[in-house]
Amino acid sequence: EAATDAKPADLSGYTRVKQKLVPPPFAPAHEQVATGGPKIVEITMETEERLMVVDEDNGASVWALTYNGSVPGPLIIVHEGDMVELTLRNPTSSMMEHNIDFHASTGALGGGGLTHIYPGEECVLRWKATKPGCFTYHCAPGGDMIPYHVTHGMNGAIMVLPRDGLKDKDGNPLRYDSIAYFGEQDYYLPKDENGDYRTYEAAGDDYADSLEAMRGLIPTHSVFNGAVGALTGEGAIKAKVGETVLMIHNQANRDSRPHLIGGHGNYVWESSFTDAPLQDMETWFVRGGSAVAAMYTFEQPGVYAYVNHNLIEGVMLGATAHVVVEGQWDNALMEQVVAPRSFEA
Amino acid sequence: EAATDAKPADLSGYTRVKQKLVPPPFAPAHEQVATGGPKIVEITMETEERLMVVDEDNGASVWALTYNGSVPGPLIIVHEGDMVELTLRNPTSSMMEHNIDFHASTGALGGGGLTHIYPGEECVLRWKATKPGCFTYHCAPGGDMIPYHVTHGMNGAIMVLPRDGLKDKDGNPLRYDSIAYFGEQDYYLPKDENGDYRTYEAAGDDYADSLEAMRGLIPTHSVFNGAVGALTGEGAIKAKVGETVLMIHNQANRDSRPHLIGGHGNYVWESSFTDAPLQDMETWFVRGGSAVAAMYTFEQPGVYAYVNHNLIEGVMLGATAHVVVEGQWDNALMEQVVAPRSFEA
Amino acid sequence: EAATDAKPADLSGYTRVKQKLVPPPFAPAHEQVATGGPKIVEITMETEERLMVVDEDNGASVWALTYNGSVPGPLIIVHEGDMVELTLRNPTSSMMEHNIDFHASTGALGGGGLTHIYPGEECVLRWKATKPGCFTYHCAPGGDMIPYHVTHGMNGAIMVLPRDGLKDKDGNPLRYDSIAYFGEQDYYLPKDENGDYRTYEAAGDDYADSLEAMRGLIPTHSVFNGAVGALTGEGAIKAKVGETVLMIHNQANRDSRPHLIGGHGNYVWESSFTDAPLQDMETWFVRGGSAVAAMYTFEQPGVYAYVNHNLIEGVMLGATAHVVVEGQWDNALMEQVVAPRSFEA
Ligand SMILES: [Cu+2]
Ligand SMILES: [Cu+2]
Ligand SMILES: [Cu+2]
Ligand SMILES: [Cu+2]
Ligand SMILES: [Cu+2]
Ligand SMILES: [Cu+2]
Ligand SMILES: [Mg+2]
Ligand SMILES: [Mg+2]
Ligand SMILES: [Mg+2]
Ligand SMILES: [Mg+2]
Ligand SMILES: [Mg+2]
Ligand SMILES: [Mg+2]
Ligand SMILES: [Mg+2]
Ligand SMILES: [Mg+2]
Ligand SMILES: [Mg+2]
């Protein structure tokens, strides 16, 4: 698509910086308000095909297709007007071709047309982040391989912040203390005739079975951070009363409806950061193939469950994460006036 | 979660009132614009497990788990800044533990962590309504019991009105003549090997079968007011041309897309009352695990069908209610210029 | 519903014009800003029941129920305040009764109650377009025939433009160079015991089988313009860099989440034209039973894929269209810095 007679890009005025990506649910070091002029943000990602346990209780597993080994891929953060310069590598140990389609970018199928790399190949793609918001990225090799790679974990999110940071509808600045990055992954794991999950020897061996399962549109699992319970227990998010958390939710394929049990979405950006955030939501919406952001300031201590509020998906298919919040209880907000006790019926 | 060393709540400045709850699709007596200062609104709900016929035509039935015996539970109405003080009772005749999670509240899993009551127990929970909007409440005993109770009817809605009432995007007051409260319930009723709906002797006996049916994510029914046809015929909502009806739609689990056949959503609050309403919608959206409000002023007489506009769900799975409107037809809005007649082909 | 004692409509002040409907994905000739006063826009549609190939690769076919022979039915365009005067004809060759429900209209089930025509019948309905936006229309003969006709192709869209045209949130005019009208159709095609698609001798013969397939809520296909690949290859939409395309998406039954691979929704009207458009969306939402509009100005040449971004539906069930854009590549927006090459692992 990129004609060879196209004018070279003028990169004067850009400063080069490297962004060190970190595994989810964490966010890379970044500024909320950009200092200095526009940047070329250099990042590197390597595709990795790896066998992952999806549910320890029943041995469900998947040959995950990943960026940097995690499901979802790492969160990238830049500011509007910056350029992203990605080096993408596919190691020789891979079985498959991969590429990357950035929803935040413009042209060439989101870069997918310029980044097809076979095992042992690398490429470099640079694109300008012209629209502020949270956006999905994902592998899109072509044909049925597109949903196959996406439903095997090969997707993540980039956040393109406005240069002057997030704002409410009246233009007042909104700042957060931390980011919790939730990638929700729908898996369609094949079962054998006894209803047990099948196992496979190598990435891609499940292709025909998986396509058949996918065609029914009903996932066997929908999980955060790649596996049932990955973000509960030791994996739970931590916060304190008074802290503001920006919850970023990526779902590259299937609609979701996040809800923070015991809390709210004080500010929710379902569309982009160009639009004013929705407010005071009980449950927000992720159009399948989107990343969204929701901001909440904790007011009570305790365990909060961040769920896909189709509660069958949240509880039975695995879409539950925990946020453990420390601090002082506020009886003015909620009080157990009478603890459970027997009564005369 | 409620630490014993937390400061007692300061309740001075609140007036205590009792709200008498009524069965759906009706709304309790309430003010649209609050008079006086903040209130502590005392309500009482009793859990009830009861065998309900879902579809008279084929004998489909469910051991419904309910608040106050109805599916959905009763509509509660307060104003922003009020406190809700709920006495919740579980009679000794029950088989199961219940509790309540208010999406409108803050902390302790929406109160779920403070209200676990076994048969023969009661408790009292008080919480402050800090966010205006319509919000789901539901039972959430823990684990798979959460979707099990919710998909057996144990959910309802609270409306938290702004103290000065509803407004359009320019701040002009919006008032309604009546409320129609639609609780849409997705059921996943187990069938036997002949495809007939199974029957069970007591609440909870369908647990294993229901979990298996639920896991497929496709409901056998999606109905208003607990049963197919409950809000048609004698159960239909009544209105008059010129009247404004506030339609509140609660769906505690599954996305829905309400549509009023022959009418519109003039003002629709999908997120909260903090946000300006969307306008002139043909079909609006209920993020699964949400309650929303839509306002319409009827301009023509006749029968209107309020449906989930996945028309398979609306017609075949049961999500249809009727609104019967009296008044004078307006040919300027619509006219049958030529009634059906034969023509020469 | 239309009482015979109702006052006659006052049609003075309206000018009569005829609108020639054209097949999708094209739009009829129209003004973006209305000149002159309100019009009575006369249109004619004929129902047609025809055997259509859905997927050439495997012979899947459907006895489609259509308006004017196409799936979706033709796009109608008027301005707010205009009247639509439809002559609807059902030829004697038909097997079935049809009618039409316009979501944009008011009363009589959207006109459905006044337009029931049997084979060999015609009728004329006039109604006023009082709300600006894109709206679904569809057949709704009653009972299970409603979802049956709608999922057999009998639906389309009308766009009701504001008299002074589209605007951004600040009131600045938004104009387009062309319209691409995407009707997404979910089919539930019955299969035999070998998993092959069944064939039928006449429209309606698939009724019982189709109802059974529909009840499961999972379509076998979801396609644009009636068939897999209808809007790719020779059927692809054409545009040029710098041109603005208004993409209208109609889905009369099932939620969808359109995404333009490589592009965006610069302005998206999910609700109505009364509301300011959402901006800079990666993926937008069609509440099942809605038509929406999204505007994009192309900045790069190449092939764009317009998809339902549930990628299983987009790729495997057929919901992909192509937009082929000519012009000059812009390296400042995206550049392949290093083409795929081998690297030393
Ligand atoms: Cu890949
Ligand atoms: Cu994509
Ligand atoms: Cu319960
Ligand atoms: Cu909940
Ligand atoms: Cu029809
Ligand atoms: Cu409709
Ligand atoms: Mg911008
Ligand atoms: Mg864990
Ligand atoms: Mg986004
Ligand atoms: Mg507030
Ligand atoms: Mg009835
Ligand atoms: Mg709500
Ligand atoms: Mg208007
Ligand atoms: Mg083609
Ligand atoms: Mg619309």
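Anything mentioned here points back to the structure above.
The text that follows walks through the structure, step by step, so that each part is easy to find. Values in this document were obtained by computation on a predicted structure and should not be read as measured data.

Focus on the relation of the copies chain A and chain C
(1) Moving on: With an axial shift of 0.0 Å and an RMSD of 0.0 Å, the rotation relating chain A to chain C amounts to 120°. Expressed as an axis order, the relation between the two copies is that of a three-fold axis. Scanning chain A for the C-alpha nearest the rotation axis identifies Ile218 of chain A, at a separation of 5.1 Å.
(2) Moving on: Of the residues that chain A buries at the interface, just 4% are likewise interface residues in chain C, meaning the two copies contact each other through different surfaces.

Considerations on the relation of the copies chain A and chain B
(1) Moving on: You can overlay chain A on chain B at an RMSD of 0.0 Å; the transform is a turn of 120° with a shift of 0.0 Å along its axis.
(2) Moving on: Interface overlap between copies: only 6% of the residues of chain A at the interface are likewise at the interface in chain B, consistent with a contact formed by different surfaces.

What to know about the sheet that holds strand β8 (residues 133-138) of chain C
Residue and element names in this part refer to chain C.
(1) Moving on: Read across the open sheet, the 4 strands follow the order β4-β9-β8-β6; overall the sheet is mixed. The open sheet has two free edges, formed respectively by β4 (76-79) and β6 (101-102), since each of these has just one partner strand.
(2) Moving on: Examined bridge by bridge, β4 and strand β9 (residues 155-161) share 4 bridges and lie parallel to one another. Within β9, the residue paired with His79 across the bridge is Leu161.

Remarks on the sheet that holds strand β8 (residues 133-138) of chain B
(1) Moving on: In space, the 4 strands of this open sheet follow the order β4-β9-β8-β6 (chain B), with mixed pairing throughout. The sheet is open, and its two borders are formed by β4 (76-79) and β6 (101-102) of chain B, each paired with just one other strand.

Quick look at the interface of chain A and chain C
(1) Moving on: Taken together, the 70 residues of chain A in the interface contact 51 residues of chain C.
(2) Moving on: Contact between chain A and chain C buries roughly 5000 Å² in total, counting both sides, with carbon and sulfur atoms accounting for 58%.
(3) Moving on: On the chain A side of the contact with chain C, Thr106, Leu217 and Arg287 of chain A bury the most area, a combined 14% of that side's loss.
(4) Moving on: Applying the counting rule to chain A against chain C returns 5 salt bridges.
(5) Moving on: Residue Arg126 of chain A pairs with Glu335 of chain C through a salt bridge whose shortest N-O separation is 2.6 Å.
(6) Moving on: Across the chain A-chain C interface, the total number found is 25 residue pairs in polar contact (both at pLDDT 80 or more).
(7) Moving on: Within the residue set of the side of chain A that touches chain C, elements represented by two or more residues are β5 (83-90), β7 (121-128), β8 (133-138), α1 (145-150), α2 (207-215) and β19 (290-297) of chain A.
(8) Moving on: When residues of the side of chain A that touches chain C are assigned to their parent elements, the largest contribution, 8 residues, is made by β7 of chain A.
(9) Moving on: Taken together, the residues of the side of chain A that touches chain C sort by class into 30 nonpolar, 23 polar and 17 charged.

Points about the environment of Val71 of chain B
Residues and elements named next belong to chain B.
(1) Moving on: One can find Val71 in the loop between β3 (60-67) and β4.
(2) Moving on: Judged by its relative accessible area of 3%, Val71 falls in the buried class.
(3) Moving on: Considered as a pair, Val71 and Glu184 are 113 residues apart in the sequence and their alpha carbons are 8.5 Å apart.
(4) Moving on: Setting aside its immediate chain neighbours within four residues, Val71 contacts Met52, Ala64, Thr66, Gly153, Gln185, Tyr187, Asn225 and Gly226.

Some details on the coordination of the copper ion (ligand 5)
All names here are of chain C.
(1) Moving on: Taken together, His98 (ND1), Cys139 (SG), His149 (ND1) and Met154 (SD) make up the full set of protein donors to the copper ion (ligand 5), lying 2.0 to 2.5 Å away.
(2) Moving on: Of note is the copper ion (ligand 5), whose 4 donor atoms meet at the metal with angles of 89 to 131° in an arrangement that counts as tetrahedral.
(3) Moving on: Each donor residue of the copper ion (ligand 5) belongs to the same chain, with the gaps between them written as H-x40-C-x9-H-x4-M. As far as the burial class goes, His149 and Met154 line up, both buried.

Some thoughts on the pattern of salt bridges
(1) Moving on: Summed over the entire model, instances satisfying the criterion amount to 49 salt bridges over all chains.
(2) Moving on: Across the pair Arg163 of chain A and Asp82 of chain A runs a salt bridge, and its minimum N-O distance is 3.0 Å. You can see Arg163 of chain A sitting in the loop between β9 (155-161) and β10 (166-167) and its partner Asp82 of chain A sitting in the loop between β4 (76-79) and β5, a full 81 residues away along the chain.
(3) Moving on: The buried category is assigned to Asp82 of chain A, whose relative accessible area is 2%.
(4) Moving on: Glu85 of chain B is the partner of Arg16 of chain B in a salt bridge, and the nearest nitrogen-oxygen pair spans 3.0 Å. Taken together, the residues Arg16 of chain B in strand β1 (residues 15-18) and Glu85 of chain B in strand β5 (residues 83-90) connect sequence positions 69 residues apart.
(5) Moving on: Each member of the salt-bridge network shares a partner with another, and the members are Arg16, Lys18, Glu42, Glu85 and Arg126 of chain A together with Glu335 of chain C.

Thresholds applied
Residues numbered from 1 in each chain as written. Chains lettered and ligands numbered in written order. Predicted model: local features only at pLDDT ≥ 70, side-chain atom pairs only at ≥ 80, totals over all residues. Heavy atoms only, no water. Least-squares fit on C-alpha atoms with pLDDT ≥ 70 in both. Contact = heavy atoms within 4.5 Å. Pairing = 2+ DSSP bridges. Helix = DSSP H or I, 4+ residues; strand = E, 2+ residues; numbered from the N terminus. Buried area = accessible area lost by both parts, 1.4 Å probe. Salt bridge = Lys/Arg side-chain N within 4 Å of Asp/Glu carboxyl O. Polar contact = N/O pair within 3.5 Å; in protein donor to acceptor, adjacent residues only side chain to side chain. Nonpolar A, V, L, I, M, F, W, Y, C, P; charged D, E, K, R; others polar. Buried < 20%, exposed > 50% of the residue type's maximum accessible area, 1.4 Å probe, protein only. Donors = N, O, S within 2.8 Å, 3.2 Å for Na, K, Ca; no water. Tetrahedral: all angles 85-135°; square planar, octahedral: opposite > 155°, others 65-115°.

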